[in-house]
Amino acid sequence: MIDLYTDSSPNGFKATIALQELGLPYRLHHVRIEAGEHRLPKFLALNPHGRIPVITDDDTGITLFESGAILLYLAEKTGRLLPQEPVARWEAIKWLQFLSSSVGPIIGQRVHFELFAKEEIPLAIERFRHLTDSVFSVLDSRLSKYPYLAGNEYSIADIAHFGWTHIARIIDFDFTEYEHMNAWHERISQRPAVQKGITLPEPATGA
Ligand SMILES: N[C@@H](CCC(=O)N[C@@H](CS)C(=O)NCC(=O)O)C(=O)O
């Protein structure tokens, strides 16, 4: 059985959406970031970097942090959400990596500088707005050609991006001008597993 340690956040929603989509049984543990529970020794033993999400799987003895690795693990365990055909499979992995190394960190820094930084740093705000637009434009171009990031199949690459576009929407990082990406977001948001996943452990109210 899988244990998921998570909070309501962009990276956390990737894991809850995937687990809902796959219908895998799992135990949900709410790690309250606001209360500092991710810095307790018990949690640091699972992820020394003190970040959610984390999964453990007692069927295999595997413990994983980093949401991209968790998505790949769940896809491999079930043989789902990652295309088999090599071109589509590597497209899915490529876009998953794009999210993990570019889209997520860029939006995350923008959230920090626009919403949380104690001091206003216009240069940083401008830089991360510019970088957000740049990755949105790349996604829009890809989604102008295909319904999903891997091509014709819904995959973990879509789930990973949705975790962040869901939060972007909530906090008004507007992307409606990117019409293909916007239509993709609306389409994904209709999926029952997505609608459930974004309420676990509780609905997000902001970043
Ligand atoms: N690269 C990591 C990032 C994980 C991460 O930053 N999680 C956030 C919540 S979305 C967190 O735990 N933040 C707590 C903190 O920064 O102290 C992943 O993809 O899992």
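Residues numbered from 1 in each chain as written. Predicted model: local features only at pLDDT ≥ 70, side-chain atom pairs only at ≥ 80, totals over all residues.

Examining the site of the ligand
Stage number 1. Taken together, 13 residues are adjacent to the ligand, and Ser9, Asn11, Arg51, Ile52 and Ser67 come closest.
Stage number 2. Among the secondary structure elements, those contributing two or more residues to the shell around the ligand are helix 1 (10–22) and helix 3 (67–78).
Stage number 3. Residue contributions to the shell around the ligand peak at three residues, all from helix 1.
Stage number 4. Residues of the shell around the ligand, tallied by class, amount to three nonpolar, eight polar and two charged. (Near = placed C-beta within 6 Å. Helix = DSSP H or I, 4+ residues; strand = E, 2+ residues; numbered from the N terminus. Nonpolar A, V, L, I, M, F, W, Y, C, P; charged D, E, K, R; others polar.)

What about the domain arrangement of the protein chain?
Stage number 1. Taken domain by domain, the protein chain holds domain 1 (2–80) and domain 2 (86–194).
Stage number 2. Every contact between the two is made by 13 residues of domain 1 and, on the other side, 13 residues of domain 2.
Stage number 3. Going through the elements one at a time, helix 1 and helix 3 are the ones with two or more residues in the side of domain 1 that touches domain 2.
Stage number 4. Counting residues per element, the side of domain 1 that touches domain 2 draws most heavily on helix 1, at eight residues.
Stage number 5. When its residues are assigned to classes, the side of domain 1 that touches domain 2 shows seven nonpolar, four polar and two charged. (Domains from an automatic or database assignment. Contact = placed C-beta atoms within 7 Å.)

Section: unusual backbone geometry
Stage number 1. Looking along the chain, the bond that leaves Ile52 and enters Pro53 is cis, with omega of 0 degrees.
Stage number 2. As for its position among the elements, Pro53 is in the loop between helix 2 (41–44) and strand 3 (54–57).
Stage number 3. Cis geometry marks the peptide bond from Leu200 to Pro201; its omega dihedral reads 0 degrees.
Stage number 4. Along the polypeptide, Pro201 turns up in the segment after helix 8 (192–197).
Stage number 5. Here the phi dihedral of Glu66 falls at roughly 75 degrees; this positive angle occurs in a residue that is not glycine.
Stage number 6. Under the C-beta neighbour-count criterion, Glu66 is labelled partly exposed, with 16 such atoms within 10 Å.
Stage number 7. Despite not being glycine, Leu81 shows a phi value in the positive range, around 65 degrees.
Stage number 8. Residue position: Leu81 is located in the loop between helix 3 and helix 4 (86–116).
Stage number 9. Here Leu81 falls in the buried class, since 23 other C-beta atoms lie within 10 Å of it. (Buried ≥ 20, exposed ≤ 12 C-beta atoms within 10 Å, placed from the backbone.)

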